[in-house]
2 protein chains.
Amino acid sequence: MSKDTPPTVPTHTTKQRRSSDQVTLSQVAKAAGVSPITASRALNHPDKVSDSARDSVLAAVEKLGYVPNLLAGSLASSRSQLIAVIVPSLINTVFVEVIQGLQETLEAEGYQILLGNTDYDLDREYQLVRTFLGWSCSALVTAGLRHNKACHTLLTNCGHPIMEVMELGEGMDLNVGLDHVAAGRCMANHLIDKGYRHIVYVGARLSQDYRASMRFEGHEAVLKGAGLDAPLVELDTLGSLQAGAEGLAQVLTQYPDTQAIHFANDDLAAGALLAAQRQGLNIPNDIAIAGFNGLPLGQHLTPQLTTILSPRKEMGRLAAKELIRRLSGKNVYRRQHDVGFKLQLGEST
Amino acid sequence: MSKDTPPTVPTHTTKQRRSSDQVTLSQVAKAAGVSPITASRALNHPDKVSDSARDSVLAAVEKLGYVPNLLAGSLASSRSQLIAVIVPSLINTVFVEVIQGLQETLEAEGYQILLGNTDYDLDREYQLVRTFLGWSCSALVTAGLRHNKACHTLLTNCGHPIMEVMELGEGMDLNVGLDHVAAGRCMANHLIDKGYRHIVYVGARLSQDYRASMRFEGHEAVLKGAGLDAPLVELDTLGSLQAGAEGLAQVLTQYPDTQAIHFANDDLAAGALLAAQRQGLNIPNDIAIAGFNGLPLGQHLTPQLTTILSPRKEMGRLAAKELIRRLSGKNVYRRQHDVGFKLQLGEST
DNA sequence: CGCTGTCATGATAGCGCTACCATACGTTTT
DNA sequence: AAAACGTATGGTAGCGCTATCATGACAGCG
């Protein structure tokens with residue numbers, strides 16, 4: 001069926017489309033008496049147009065209340081000012097603080113954060129990554145070094161900078177974090193130094209919070225090295241004050257001669273500390289308690305909580321800076337950044 | 001300058017553009033043996049194509065590893081699956097919990113959250129709104145009913161659903177929140193019922209956290225109504241445990257005969273409670289302490305903190321549901337939703 | 001058997017912006 | 001003086017997708 005007769009009238013009644021009343025750059029350009037492309041340059045590369053052109057464009061923008069369509073701009077230039085941030089949870093303050101650090105630094109550079117929450121589900125992470133790549137994010141930040149196969153492939157091939165935060169290690173691209181195994185060792189050493197011999201590690205959902213289990217690895221290695229047992233109590237509820245109280249109860253039942261408990265984080269530790277006090281136990285004489293993270297709460301308890309301070313906000317800031325550096329084309333010498341940690345001695349051990 | 005000579009050779013060497021190796025829908029369509037538009041329909045309106053077409057498109061998507069370009073799709077359809085969420089702070093857990101509620105509901109419906117943080121700066125809010133509108137967000141969620149003039153104008157005219165959360169009142173469009181004045185009254189009544197007569201309200205940065213000052217209004221009205229003074233202590237640091245401790249100290253100095261302190265939130269209250277205990281004060285006998293929010297921490301302290309429980313996550317969920325309902329074209333009967341609050345009696349009053 | 005009404009599919013024309021080239025003009029170099 | 005360069009500006013053609021309209025096929029109806 002060869003069509004030899006062209007459509008008599010090409011329907012050139014301008015196939016009208018939804019007329020999104022939005023003010024466009026062309027309208028601004030017309031009002032300013034320049035071409036659209038000059039208007040575009042006046043806004044995005046101000047140094048590439050004459051002062052007079054720039055001024056009249058800016059005046060027109062103001063007058064018409066022009067709001068740039070970022071969608072169109074990003075599509076045309078195939079780069080967006082979006083940066084995806086994927087975290088496993090928002091309940092855990094730790095991630096929120098990292099996000100804060102990222103946000104304050106990125107927003108100052110004109111980037112927007114696209115936030116995703118995996119709920120500790122790696123398949124969900126993969127889905128989020130797909131979606132975010134669909135938004136042509138300039139970069140992706142994700143918590144942790146563990147991903148599922150598909151996600152890993154997608155990320156390594158997407159061509160955008162990838163920043164893996166929280167834990168130190170060989171990542172796909174950029175990495176900012178701390179050594180959790182070392183942190184576990186550090187606290188275990190401290191407890192042994194203090195003379196404790198019966199030490200239990202308490203964590204919650206370690207398969208999900210695998211960084212906590214890395215800390216346990218370090219802890220275990222030190223204890224074993226000192227010829228001690230390294231019992232582990234794993235709770236099924238997520239880290240919280242409540243879970244900490246339960247952890248304490250479980251330890252007291254299962255290991256009655258425990259002298260010290262090394263909790264996977266400060267929430268658990270604080271919950272246990274408060275519960276212990278409610279029960280009339282003396283800390284650290286009856287039982288010593290240690291945490292991880294260095295949340296402010298620990299410093300306001302009596303006794304103050306012994307913990308390990310992790311520079312969370314700083315981690316976010318540093319990650320953001322490194323990303324910005326990479327995105328602005330500069331070479332990034334160090335792909336891996338150790339933000340370190342610090343033993344914070346309290347009275348609870 | 002009439003151009004009568006067309007460009008000799010129209011440079012039709014296909015003005016090649018950056019060839020973003022990305023797999024496009026056209027490629028998928030070709031692989032599936034259908035037209036691009038059918039491929040588009042197969043993905044976005046699966047019920048509008050035949051089963052066979054749909055299957056071959058999906059197979060091609062899988063085979064080529066196609067990731068839809070959401071930018072292009074949104075531009076073409078002038079609607080995005082983005083929803084902007086603007087909060088004044090992430091340090092305050094309260095907002096994070098609202099975000100959680102929003103996120104779990106919105107993500108389930110395929111929406112993405114674009115997060116903005118104003119740092120309690122209304123001009124910053126305006127900037128964020130501008131940016132977000134540039135992304136063609138389908139809707140905007142913002143914390144609070146107070147905005148600056150420009151922001152208000154922009155929001156009311158943007159044509160997208162606006163959801164104002166946290167506080168109840170006459171908003172621009174949709175509203176989910178609670179009555180903070182009533183909450184302040186509620187706690188004040190409780191304290192009076194308990195027999196306290198010298199009651200101080202302690203808040204932090206009330207000009208920023210104006211919801212706390214609304215609670216003070218309610219508090220003050222009740223106290224004045226009972227013929228009592230309603231002194232206010234305002235701290236300059238943001239709400240935190242540390243600030244709470246300082247608030248306590250300030251109250252003890254300025255109003256030595258204070259019997260009860262009504263704190264603007266649980267962080268302050270908990271900080272004060274812990275500090276008081278450290279100083280050997282008995283709560284509530286020496287001094288009673290009340291908070292607001294119903295954070296878990298309060299329930300784990302001894303004595304348990306008397307507070308007002310605000311349904312934060314629920315607020316986020318409800319806001320999300322209402323938005324989705326509106327976005328799916330359904331009529332929204334109630335533009336205003338009161339999520340209420342609940343006096344949570346502890347042992348601290 | 002024509003008429004109308006679905007249904008599946010496709011051709012076309014944008015969405016609003018910017019990359020890419022081309023042009024015009026003034027300034028410097030040889 | 002001619003050539004080479006730099007700067008400000010504009011025309012054109014897309015970025016990848018979808019709204020709109022048009023088409024052809026087939027069913028139901030009098």
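Residues numbered from 1 in each chain as written. Chains lettered and ligands numbered in written order. Predicted model: local features only at pLDDT ≥ 70, side-chain atom pairs only at ≥ 80, totals over all residues. Heavy atoms only, no water.

Identification of chain A as Transcriptional regulator, LacI family from Vreelandella subterranea is taken from an unreviewed UniProt entry.

A. Quick peek at the interface of chain B and chain A. Taken residue by residue, the interface counts 49 residues in chain B and 49 residues in chain A. Area buried by chain B at its contact with chain A is led by B:Leu71, B:Trp135 and B:His300, which between them contribute 16% of it. Our count for the chain B to chain A interface comes out at 2 salt bridges. Notably, a salt bridge pairs B:Glu107 with A:Arg124, separated by 2.4 Å at the nearest N-O pair. Applying the counting rule to chain B against chain A returns 14 residue pairs in polar contact (both at pLDDT 80 or more). Contributing elements (two or more residues each) for the side of chain B that touches chain A: α4 (70-77), α5 (93-108), β2 (112-117), α6 (122-134), α10 (241-254), α11 (266-278) and α12 (296-300) of chain B. Of all the elements, α6(B) adds the most residues to the side of chain B that touches chain A, at 7 residues. (Contact = heavy atoms within 4.5 Å. Buried area = accessible area lost by both parts, 1.4 Å probe. Salt bridge = Lys/Arg side-chain N within 4 Å of Asp/Glu carboxyl O. Polar contact = N/O pair within 3.5 Å; in protein donor to acceptor, adjacent residues only side chain to side chain. Helix = DSSP H or I, 4+ residues; strand = E, 2+ residues; numbered from the N terminus.)

B. Region of the structure containing helix α11 (residues 266-278) of chain A. Residue and element names in this part refer to chain A. Compared with the 18 Å implied by 1.5 Å per residue over 13 residues, the 18 Å span of α11 between its first and last C-alpha is a close match. Within α11, 10 of the 13 residues are buried, which leaves the element mostly enclosed by the surrounding structure. Of the residues making up α11, those classed as buried are Asp266, Leu268, Ala269, Ala270, Gly271, Ala272, Leu273, Leu274, Ala275 and Ala276. N-capping of α11 is provided by Asn265, with a side-chain oxygen placed 3.0 Å from the backbone N of Asp267. Gly280 lies just past α11 and shows a positive phi near 85°. (Expected span 1.5 Å × (residues − 1). Buried < 20%, exposed > 50% of the residue type's maximum accessible area, 1.4 Å probe, protein only.)

C. Representation of the pattern of salt bridges in the model. All told, the structure shown has 24 salt bridges over all chains when counted by the stated rule. Its salt-bridge partner being B:Arg54, residue B:Asp51 comes within 2.7 Å of it at the nearest N-O pair. Residue B:Asp51 and its partner B:Arg54 are located together in helix α3 (residues 51-64), separated by 3 residues, close to a single helical turn. Among the charged side chains, a network of salt bridges with common partners joins A:Glu104, A:Lys313, A:Glu314 and A:Arg317.

D. The sheet that holds strand β1 (residues 82-87) of chain A, seen in detail. A sheet is described by the order of its strands in space; here 12 strands give the open sequence β11(A)-β5(A)-β4(A)-β3(A)-β1(A)-β2(A)-β2(B)-β1(B)-β3(B)-β4(B)-β5(B)-β11(B), paired in mixed fashion. Each end of this open sheet is capped by a strand with a single partner; those strands are β11 (336-338) of chain A together with β11 (336-338) of chain B. Averaged over all adjacent pairs, the angle separating strand axes in this sheet is 20°, with direction ignored. The strands touched by helix α13 (residues 312-327) of chain A are β1, β3 (139-143), β4 (162-167), β5 (174-178) and β11 of chain A; relative to β5(A), the strand with the most contacts, the crossing angle is about 165°. Relative to strand β5 (residues 174-178) of chain B, helix α13 (residues 312-327) of chain B is tilted by about 165°, and along the sheet it contacts β1 (82-87), β3 (139-143), β4 (162-167), β5 and β11 of chain B. (Pairing = 2+ DSSP bridges. Axes fitted to C-alpha atoms, helices over the stretch in contact; angles between N-to-C directions.)

E. Structural detail: the UniProt feature "domain: HTH lacI-type" (unreviewed entry) in chain A. Here, the residues flagged by UniProt with the feature "domain: HTH lacI-type" (unreviewed entry) are residues 23-77 of chain A. Here residues 23-77 of chain A runs as 71% helix and 0% strand, with 20 Å between its end C-alpha atoms. (UniProt positions renumbered as here; feature names shortened; annotations may be inferred.)

F. Representation of the nonpolar core. Judged by nonpolar contacts, the single largest core of 75 residues is most densely connected at A:Leu102 and B:Leu102. When sequence neighbours within four positions are dropped, the list of residues in contact with A:Leu102 reads A:Val85, A:Ile113, A:Val141, A:Gly316, A:Arg317, A:Ala319 and A:Ala320. Ranked by size, the runner-up nonpolar core spans 62 residues in total, among them A:Ala270, A:Ala272, A:Ala276 and B:Tyr201. (Core = buried A, V, L, I, M, F, W, Y, C linked by side-chain atoms within 4.5 Å.)

G. Representation of the side chain of A:Asn293 in the model. All names here are of chain A. You can see Asn293 is positioned in the loop between β9 (288-290) and α12 (296-300). According to the relative accessible area criterion, Asn293 is buried, its value standing at 6%. Aside from chain neighbours lying at most four places away, what touches Asn293 is Val94, Asn265, Asp266, Thr307, Ile308, Leu309, Ser310 and Arg312.

H. How the structure looks around the relation of the copies chain B and chain A. Expressed as a screw transformation, the operator carrying chain B onto chain A has a rotation angle of 180° and an axial translation of 0.0 Å, and the superposed copies differ by an RMSD of 0.1 Å. Viewed as a symmetry operation, the transformation between the two copies matches a two-fold axis. When the interface residues of chain B are mapped onto chain A, 100% of them again lie at the interface, so the same face is used by both copies. (Least-squares fit on C-alpha atoms with pLDDT ≥ 70 in both.)

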